[in-house]
Amino acid sequence: MSKLTADEEARVRRVVMEALLDWEKMAKRRHPAVTAEQRKAAIGKLDNREFDVDSRIEPTDVAAIVKYFKTHQSLDPRVMSMRFKDKDTVNITTGVVRGPLDGGGFFYVARRENGRWIVRSNGVSWVS
């Protein structure tokens, strides 16, 4: 790979910084499938731990993951379950079930990275 000139390097930095700023703006937006009222109700359920948690997940880890959902509006906060994958990975299902064949939500993966829990979308949603 060839070395970049100072101008080329400056252009690359500018493009990367613009992309990061755009990503940060998107991450602050409320999830499009969740209304403000639904978000408020979901946060209450997160606070009360009204979802199924695999017993192999440490309570401190659950608390850290819940905090991440509460502070990142771009995630669907309607957590239904947290499933243990390994000590540094938790699979999370969010959404709502209103009745048979009447529900939907999203799948997320929480990973412990550098000692902190980060929740990432795996790009998959579910519908019943």
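Above this text is the structure in question.
This is a predicted model, so every value here is computed, not measured.

Q: Looking at this structure, how should I read the sheet that holds strand β1 (residues 52-53)?
A: Adjacent strands of a sheet pair through backbone hydrogen bonds, lying either parallel or antiparallel. Spatially, β1-β2-β3-β4-β5 is the arrangement adopted by the five strands of the open sheet, whose pairing is mixed. Strand pairing shows two members of the sheet lacking a second neighbour, β1 and β5 (116-127), which therefore form its edges. Both strand β2 (residues 79-86) and strand β3 (residues 89-99) contribute to a ladder of six bridges, which runs antiparallel. Within β3, the residue paired with V79 across the bridge is T94.

Q: What should I look at first to understand helix α2 (residues 36-47) in this one?
A: Along an α-helix, residues three or four positions apart point the same way, because every turn accommodates 3.6 residues. Over its 12 residues, α2 extends 17 Å from the first C-alpha to the last, a length consistent with the 16 Å expected when each residue adds 1.5 Å. Of the positions making up α2, those classed as buried are R39, A42, I43 and L46. In a view along the axis of α2, the buried residues occupy a sector of 105°, so they form one face of it. Opposite the buried face of α2, by more than 90 degrees, sit the exposed residues E37 and K40. Taken together, the buried residues of α2 touch α3 (59-71) and β2. A positive phi of about 55° marks R49, the residue just after α2.

Q: Looking at this structure, I do not really get the packing of aromatic side chains. What am I missing?
A: Each pair of aromatic rings is reported with the distance of its centres and the angle of its planes. Per the stated rule, a full pass over the model turns up one aromatic pair. Here F69 and Y108 contribute two aromatic rings whose centre-to-centre distance is 5.5 Å and whose plane-to-plane angle is 90°, an arrangement assigned as edge-to-face. On the criterion of sequence distance, the pair formed by F69 in helix α3 and Y108 in strand β4 (residues 102-113) is long-range, its members being 39 residues apart. We note that F69, like Y108, is buried.

Q: Just to check I follow, could you spell out the pattern of salt bridges for this structure?
A: Close approach of charged atoms lets side chains of opposite charge pair. All told, the structure shown has 10 salt bridges when counted by the stated rule. D52 is paired through a salt bridge with R83; the nearest N and O atoms lie 2.0 Å apart. In this pair, D52 sits in strand β1 while R83 sits in strand β2, placing the two residues 31 residues apart along the sequence. The class of R83 is partly exposed, set by a relative accessible area of 34%.

Q: I'm lost on a nonpolar patch on the surface in this one. Help?
A: Nonpolar side chains collect at one region of the surface, where L4, V12, V16, M17 and L20 lie side by side and expose about 430 Å² of accessible area between them. With respect to the helices and strands, V12 occurs in helix α1 (residues 6-28).

Q: Help me out: how do you make sense of unusual backbone geometry in this one?
A: A negative phi angle characterises most non-glycine residues, just as the trans form characterises most peptide bonds. The residue L101 is not glycine, and still its phi comes out positive at about 55°. Inspection of the secondary structure assignment puts L101 in the loop between β3 and β4. Its identity is not glycine, yet N114 carries a phi of approximately 55°, on the positive side. Along the chain, N114 falls in the loop between β4 and β5. N114 sits in the exposed class, given a relative accessible area of 83%.

Q: What exactly am I supposed to notice about the packing of α2 against α3 here?
A: Between two packed helices, the angle of one axis relative to the other and the distance separating the axes together describe the packing. Relative to each other, α2 and α3 sit at 165°, their axes nearing to 10 Å. Comparing their axes, α3 and α2 come out roughly antiparallel. As α2 runs across α3, the sense of the crossing is left-handed. Contacts between α2 and α3 involve R39, I43, L46 and D47 from the first element and V66, F69 and K70 from the second. A breakdown of the residues in the contact of α2 with α3 according to their chemical character gives four nonpolar, no polar and three charged.

Calculation criteria
Residues numbered from 1 in each chain as written. Predicted model: local features only at pLDDT ≥ 70, side-chain atom pairs only at ≥ 80, totals over all residues. Heavy atoms only, no water. Pairing = 2+ DSSP bridges. Helix = DSSP H or I, 4+ residues; strand = E, 2+ residues; numbered from the N terminus. Expected span 1.5 Å × (residues − 1). Buried < 20%, exposed > 50% of the residue type's maximum accessible area, 1.4 Å probe, protein only. Arc of directions from axis to C-beta. Contact = heavy atoms within 4.5 Å. Phe/Tyr/Trp six-rings, centres within 6.5 Å; stacked < 30°, edge-to-face > 60°. Salt bridge = Lys/Arg side-chain N within 4 Å of Asp/Glu carboxyl O. Patch = residues over 30% accessible without salt bridge, like charges linked within 9 Å, V, L, I, M, F, W, Y side chains within 5 Å. Areas by Shrake-Rupley, 256 points an atom, 1.4 Å probe, with all protein chains shown as cover. Axes fitted to C-alpha atoms, helices over the stretch in contact; angles between N-to-C directions. Parallel < 35°, antiparallel > 145°, perpendicular 65-115°, else oblique. Left-handed = near helix turned anticlockwise from the far one by under 90°. Nonpolar A, V, L, I, M, F, W, Y, C, P; charged D, E, K, R; others polar.

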